[in-house]
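Structure at a glance
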Amino acid sequence: MSSRFSFGALAASAAAMLVVSLGASACSSSSSDDEADNPTFAQTIEPLVQDKCQKCHRAGGIAPFSLESYEDWKRMGGVAKLKVQAREMPPWGAFSDEKCKIEHKFKDDISMTDDQIAKFAKWVDNGMPMGDESKRPQRLNFGATGLLDKTNTFAMSKAFEVQGGGKDDIRCFPLDPGFTTDQWIGASNVVPGEPAVVHHVIVFVDPKGTAVAKAGPDGSYPCFGGPQLEQPSLLVAWAPTMAKRRGSRCRRAPTSSCRCTTTRTRTRSWTRRRSS
Ligand code: HEC
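Here we look at the overall build of the protein chain
Looking only at helices and strands, the protein chain features six helices and six strands. Mapped from its N terminus to its C terminus, the protein chain presents α and β elements in the order α-α-α-α-β-β-β-α-β-β-β-α. The long-range fraction of contacts in the protein chain, counting pairs at least 24 apart against all pairs at least 6 apart in sequence, stands at 79%.

The following block contains the structure:
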């Protein structure tokens, strides 16, 4: 899936390149002082969309296409304006209206203010000017994990071979984070070594530290139905948001996961049983 999309982005930015070099020379003389009335990409729009769009619309992000480069915006600006004005993007369902007045702000509200929407629309209507390129913010670096400012990485102690044949294998992989004091987790992600075989991952806290002993020399143990720990608590639940590739052959899967399965059916029923 991801390789298909990055191919699409590549082709598109190559095509858009021409437009940009023309545009850049055309607008280099029109550097407007009035950033508030006539916002430019470099100063107003790029910082805004880094915050409001790029957490999803980036290479490897959950949205189906990237909005990282100026070329991406030149290509998508028109439809982006419609989605932003309709408040469909960024997706944020907590509207404050007559029926439901929001009295307190939400933490991590990703919606845009009226002013931000107006500025974005104005910028598109003005032909999406770049402005003074030297004022552009630094490009966000999400890295391979998709997280900004990542502080820790935990990997499975050993790669796990997923057997072919379509049988689910739900396994637990103990990971020692090595923390000596309590830690707050601000963000997390799971990066499967072989996305084609990892159905979902649930990370539990193992307060008694008994999981390591359960895992054999494989570094993992089968744990259908739950992690089989004393007082486990759920820390992270992860599932790929994109349709999975099917029919892949079995490969060595160095997944950084706590639990993985090969097909969907049995996991579904497991999830259902757990939540009911
Ligand atoms: C929380 C993740 C997330 C954020 C933040 C986000 N998007 Fe999206 N966007 C998606 C997903 C997922 C899709 C594809 C599914 C869909 O169309 O609903 C999408 C689709 C789109 C589309 C295509 C819609 C269509 O019907 O073809 C546009 C345009 C778009 N986004 C623009 C934006 C813009 C502009 C921003 C920032 C102002 C933004 N998005 C922020 C997740 C996000």
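Here's the deal with the environment of Leu147
Secondary-structure assignment places Leu147 in the loop between helix 4 (114–125) and strand 1 (160–161). Put simply, Leu147 and Asn189 are 42 residues apart on the chain and 7.2 Å apart in space, counted from C-alpha to C-alpha.

What about the site of the ligand?
Residues in contact with the ligand amount to 18 residues; listed here are only the nearest, Cys53, Cys56, Ala63, Met89 and Pro90. Going through the elements one at a time, helix 2 (41–52) and helix 3 (70–85) are the ones with two or more residues in the shell around the ligand. No other element matches helix 3, which puts five residues into the shell around the ligand. A breakdown of the residues in the shell around the ligand according to their chemical character gives 14 nonpolar, one polar and three charged.

Things to note about the nonpolar core
Residues Phe41, Ile45, Val84 and Phe120 are the most contacted members of the largest nonpolar core, which totals 16 residues. Those elements that provide at least two residues to this core are helix 2, helix 3 and helix 4. Excluding residues that lie within four positions of it along the chain, Ile45 makes contacts with Pro39, Thr40, Phe120 and Trp123. Residues Phe160, Val197, Ile202 and Val203 belong to the second largest nonpolar core, which totals nine residues.

Examining helix 3
At Met76, helix 3 shows its strongest bend, of approximately 65 degrees. What helix 3 keeps buried is the set Tyr70, Asp72, Trp73, Lys74, Ala80 and Val84. Positive backbone phi, approximately 60 degrees, marks Arg87, located one or two places after helix 3.

A word on the environment of Asn152
Turning to its location among the elements, Asn152 is positioned in the loop between helix 4 and strand 1. Take Asn152: there are 11 C-beta atoms within 10 Å of it, and that puts it in the exposed class. Taking the C-alpha atoms as reference points, Asn152 and Pro177, separated by 25 residues in sequence, lie 8.6 Å from one another.

Observations regarding unusual backbone geometry
Residue Pro90 follows Met89 across a cis peptide bond; omega there is -10 degrees. Inspection of the secondary structure puts Pro90 in the loop between helix 3 and helix 4. Even without being a glycine, Arg87 presents a positive backbone phi close to 60 degrees. With respect to the secondary-structure elements, Arg87 resides in the loop between helix 3 and helix 4.

What about the packing of helix 3 against helix 4?
For the pair helix 3 and helix 4, interaxial distance at closest approach is 10 Å and the crossing angle is 155 degrees. Our classification of the angle between helix 3 and helix 4 gives roughly antiparallel. At the point where helix 3 passes helix 4, the crossing takes the left-handed sense. Here Gly77, Gly78, Lys81, Val84 and Gln85 of helix 3 lie close against helix 4, whose contacting residues are Ile117, Phe120, Ala121 and Val124. For the contact of helix 3 with helix 4, the per-class residue count stands at five nonpolar, three polar and one charged.

What about the confidence of the model for the protein chain?
Here the protein chain averages 76 in pLDDT, and 75% of its residues register 70 or above. Every residue in residues 1–32 scores below 50 in pLDDT, and together they form 30 contacts with partners more than four places removed in sequence or on other chains. Below pLDDT 50 for its whole length, residues 242–276 participates in 79 contacts with residues either more than four positions away or in separate chains.

Concerning the packing of helix 2 against helix 4
The axes of two packed helices give the description: the angle between them and the distance between them. Contact geometry for helix 2 and helix 4: axes closest at 11 Å, N-to-C directions at 120 degrees. What the angle tells us is that helix 2 and helix 4 run oblique. Once helix 2 is placed against helix 4, the crossing between them reads as left-handed. Taken together, the residues of helix 4 that come into contact with helix 2 (itself represented by Thr44, Ile45 and Leu48) are Gln116, Lys119, Phe120 and Trp123. For the contact of helix 2 with helix 4, the per-class residue count stands at four nonpolar, two polar and one charged.

What counts as what
Residues numbered from 1 in each chain as written. Predicted model: local features only at pLDDT ≥ 70, side-chain atom pairs only at ≥ 80, totals over all residues. Helix = DSSP H or I, 4+ residues; strand = E, 2+ residues; numbered from the N terminus. Contact = placed C-beta atoms within 7 Å. Near = placed C-beta within 6 Å. Nonpolar A, V, L, I, M, F, W, Y, C, P; charged D, E, K, R; others polar. Core = buried A, V, L, I, M, F, W, Y, C linked by C-beta atoms within 7 Å. Buried ≥ 20, exposed ≤ 12 C-beta atoms within 10 Å, placed from the backbone. Bend = angle between axes of the 7 residues up to and from the residue. Axes fitted to C-alpha atoms, helices over the stretch in contact; angles between N-to-C directions. Parallel < 35°, antiparallel > 145°, perpendicular 65-115°, else oblique. Left-handed = near helix turned anticlockwise from the far one by under 90°. pLDDT = per-residue confidence, 0-100.

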